[in-house]
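# A closer look at the structure
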Amino acid sequence: MTIWLLITAVTVIACATLYYAAAGRRVNATGNADPLTAHFRLQLKEIEADTLAGRLGAAEASAARSELAREVMRSKTESATATGHLTIHAAVPLAAIAIIALGGYWMLGRPDLPGAPLAGRDLVAESASSLDGAIETIEARLKAEPDDIRGWMVIAPAYMQLGRYDDAVDAYRRVNALGTPTADSETNLGEALVMQSGGNVTADALTAFRSAAARDKTHIRSRYYLAGAETANGDYADAVSQWNELLALAKGDEPWVVTARDGLAAAQAGLEGKPLAASSAQPDQAQIDGMVSGLEQRLRNVGGTIEEWTRLVRSRLVQGRIDDAQAAYDAARAAYPDASVRTELDVLAADNGLIAGHAP
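Structural notes, computed from the coordinates. (Residues numbered from 1 in each chain as written. Predicted model: local features only at pLDDT ≥ 70, side-chain atom pairs only at ≥ 80, totals over all residues. Heavy atoms only, no water.)

### Quick word on the packing of aromatic side chains
Centre-to-centre distance and the angle between the planes together describe a pair of aromatic rings. Per the counting criterion, the structure on display carries 2 aromatic pairs. Plain terms: the ring middles of Y224 and W243 are 5.5 Å apart, the flat faces sit at 90 degrees to each other, and that makes the pair edge-to-face. Note that Y224 is positioned in helix α9 (residues 220–232) and W243 in helix α10 (residues 236–248), a separation of 19 residues in sequence. W243 shares its class with Y224; the two are buried. (Phe/Tyr/Trp six-rings, centres within 6.5 Å; stacked < 30°, edge-to-face > 60°. Helix = DSSP H or I, 4+ residues; strand = E, 2+ residues; numbered from the N terminus. Buried < 20%, exposed > 50% of the residue type's maximum accessible area, 1.4 Å probe, protein only.)

### Points about the nonpolar core
The biggest cluster of nonpolar side chains holds 27 residues, and the ones touching the most others in it are I155, V201 and F209. The greatest single-element share of this core, amounting to 7 residues, is contributed by helix α5 (residues 149–162). The residues contacting F209, other than those within four sequence positions of it, are T187, G190, E191, V194, V201, S222, Y225 and L226. (Core = buried A, V, L, I, M, F, W, Y, C linked by side-chain atoms within 4.5 Å. Contact = heavy atoms within 4.5 Å.)

### A short note on the layout of surface pockets
By volume, the largest pocket amounts to about 880 Å³. D184, H219, E307, E308 and R311 are, among the 40 residues lining the largest pocket, the residues nearest its centre. Sorting the residues of the lining of the largest pocket by element identifies α5, α6 (165–178), α7 (183–196), α9, α12 (285–302), α13 (306–319) and α15 (343–351) as the ones contributing at least two each. Among the elements that line the lining of the largest pocket, the one with the most residues is α13, at 7 residues. Residues that form the lining of the largest pocket fall into these classes: 15 nonpolar, 13 polar and 12 charged. (1 Å grid on protein atoms, 1.4 Å probe; cavity = no way out; pocket = protein on both sides within 12 Å on 5 of 7 lines; lining within 4 Å. Points joined across faces, edges and corners; volume = space filled by probe spheres on them. Nonpolar A, V, L, I, M, F, W, Y, C, P; charged D, E, K, R; others polar.)

### Structural notes on the pattern of salt bridges
In the structure shown here, the tally under the stated rule is 14 salt bridges. Residue R215 is joined to E186 by a salt bridge in which the shortest nitrogen-to-oxygen separation is 2.9 Å. On the criterion of sequence distance, the pair formed by R215 in helix α8 (residues 203–215) and E186 in helix α7 is long-range, its members being 29 residues apart. Between R300 and E296 there is a salt bridge, with its nearest N and O atoms 3.4 Å apart. Taken together, the positions of R300 and E296, both in helix α12 and 4 residues apart, correspond to about one turn of that helix. Of the residues examined, E296 reaches a relative accessible area of 13% and is grouped as buried. (Salt bridge = Lys/Arg side-chain N within 4 Å of Asp/Glu carboxyl O.)

### Quick look at the packing of α9 against helix α11 (residues 256–271)
It is at 10 Å that the axes of α9 and α11 come closest, and there the two elements cross at 30 degrees. Between α9 and α11, the angle is such that the two are roughly parallel. Two packed elements cross with a definite hand, and for α9 against α11 that hand is left-handed. Where α9 abuts α11, its residues I220, Y224 and T231 lie against W256, T259, A260, G263, A266 and A267. Residue composition of the contact of α9 with α11, grouped by class: 6 nonpolar, 3 polar and no charged. (Axes fitted to C-alpha atoms, helices over the stretch in contact; angles between N-to-C directions. Parallel < 35°, antiparallel > 145°, perpendicular 65-115°, else oblique. Left-handed = near helix turned anticlockwise from the far one by under 90°.)

### Considering α13
A turn of α-helix holds 3.6 residues, and therefore any two residues three or four places apart point the same way. With 14 residues, α13 should cover 20 Å at 1.5 Å per step; its first-to-last C-alpha distance of 20 Å lies within 8% of that length. Of all 14 residues in α13, 11 are buried, a share of seventy percent or more. Along α13, the residues classified as buried are I306, E308, W309, T310, R311, L312, V313, R314, S315, R316 and L317. (Expected span 1.5 Å × (residues − 1).)

Put into C-alpha cells, the structure is as follows:
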C-alpha cells in the first residue's frame with residue numbers, strides 16, 4: 001500500500017506543478033526575463049541609441065516611446081486573456097493525465113518486482129535484441145516499399161554485421177539496381193559475395209570489383225581485391241601490374257601497404273617460378289582490417305568526403321567495433337556539421353545505436 005501512496009503523491013505534485021505553470025505563473029523562475037519582455041527592452045534600447053546618434057529627434061523619440069508603451073500594454077492584455085482561458089481549461093487534461101497514469105500502472109505495473117541493476121543486465125543481448133527489432137522494422141517497411149533505396153542502404157551493412165550474407169547480397173544488389181552504382185556500392189556487393197562464398201572471390205564478386213575499379217581508377221578496395229584475385233588465380237603478370245598500380249596510389253604509411261607489398265612479392269615470385277606464399281594469395285580479414293584502418297588514418301589526417309566517412313563508420317559496424325564506429329561518427333559530424341549532407345550517415349548511425357554528440 002505504501003507504494004500506491006507514494007505514486008499518488010508524486011502524481012498529484014506533478015499535476016499541481018503543471019497546473020500552476022499553465023495558469024500563467026512562474027515555477028521557481030529565475031534569471032532572464034521572458035522573450036517578449038526582452039524584445040521590448042531591446043526596442044527601447046534601439047530608440048535611445050538612435051536618439052543619441054541624432055537619427056531621431058526629440059519629438060520622434062517621444063512618439064516612438066509612446067507607441068512602444070502601447071504595444072507593451074496591448075501584449076499584457078492579450079497575455080492575461082489567454083492565461084484566463086488556459087486556467088479554466090487546464091484542470092480537465094491534467095485530471096485525465098492523472099487518471100491515465102494511475103489507471104495504466106494499476107493494470108500493467110508490477111511494483112512487487114525487484115529492480116534490475118545495470119551491472120546485472122545482459123547488455124550485449126539487449127543490444128542484439130534492439131538491432132534485431134530495428135531490422136524487423138526496416139524489413140516491414142521495405143516489404144511495403146521495395147523501391148526505398150535508403151532502406152536497403154541501411155539494412156545491407158546490418159545484415160553483414162549479423163552474418164546474414166545472403167540477405168546482404170540481395171540488399172546490395174537492390175541498392176545498385178535502384179540507384180546509380182558507385183565504386184563503393186559495387187565493392188560492397190563484391191565483399192558481400194566474398195563473405196557469402198566463405199571468403200572466396202567468385203566470378204560474380206570479380207565482376208563487381210572490376211566494375212568498381214573501372215568507375216574509379218583510384219578506388220583502393222576494389223583494386224586490392226582484384227590484385228589479390230589475380231595472384232590467387234595464377235595470373236602473375238596481371239597481378240604484378242595490379243599491385244604496382246595499387247601501390248602507386250599510396251602515400252606510403254597506410255596499413256594496407258605492407259600487405260600490398262607482400263602481394264606484389266608473391267606475384268613476382270610466381271612469375272619467376274618460385275613457391276608462392278599462401279598467405280599472400282588474396283586479402284584475408286587482417287588485410288581488410290588494415291585497409292579500413294588506412295582509410296580512417298587518411299580521413300583523420302587530411303579529411304575526405306562524407307561518403308568516405310560513411311564507409312568508414314559502416315566498415316567499423318560490420319567489424320563489430322562499435323566504439324570505433326562511434327568515434328568515427330563523432331569525427332564525421334565534426335568534419336561535416338551541416339546535417340543536410342549527412343543524411344545517409346545519420347540514418348546509419350541511428351539505426352545502429354550510435355549517439356549524436358557523444359563525447360568519447
